[in-house]
Amino acid sequence: KAKTAFRTKSKKAMDTGSIVHDAIHAYLSGAKPEPILGDNDNATNSFLAFLQWADRVKLKPIALEKVLIDPEHEVGGTTDFIGYADI
């Protein structure tokens, strides 16, 4: 049982990370994050920590989920956030 316990812990941490990511995206998009957070205390605590940090650094989004492409190097991807922070 101990040999596989890490998988359960790892999946739970990944699930919590995905929930927090989605809640932050909703918040920055102007939507309500509460339905995403549900009753997940770990995700809620992480989201509240994000809110404190965002307030402290005066986080200001310009774009979310922006596709970036560099045709010269034939690479591309999607960035979660482009914006300003007073760090």
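Residues numbered from 1 in each chain as written. Predicted model: local features only at pLDDT ≥ 70, side-chain atom pairs only at ≥ 80, totals over all residues. Heavy atoms only, no water.

### Some details on the overall build of the chain
Of the regular secondary structure elements, the chain holds three helices and two strands. Across the chain, helices and strands are ordered from the amino to the carboxyl terminus as α-α-α-β-β. Taken over 87 residues, the chain has a buried fraction of 16%. Only carbon and sulfur atoms are counted for the fraction: they give 56% of the accessible area of the chain, which is about 6,900 Å². (Helix = DSSP H or I, 4+ residues; strand = E, 2+ residues; numbered from the N terminus. Buried < 20%, exposed > 50% of the residue type's maximum accessible area, 1.4 Å probe, protein only. Areas by Shrake-Rupley, 256 points an atom, 1.4 Å probe, with all protein chains shown as cover.)

### Remarks on the environment of Leu28
If you trace the backbone, Leu28 turns up in helix α1 (residues 5-29). The spacing of Leu28 and Leu64 is 36 residues in sequence and 8.1 Å in space, taken between C-alpha atoms.

### Some remarks on the pairing of strand β1 (residues 60-70)
Taken together, the nine bridges between β1 and strand β2 (residues 75-84) define a ladder with antiparallel strand orientation. When the bridges of β2 are listed, Lys66 appears paired with Thr79. Linking β1 to β2, which pair antiparallel, is a turn of four residues; within it Glu74 sits at a positive phi near 55 degrees. (Pairing = 2+ DSSP bridges.)

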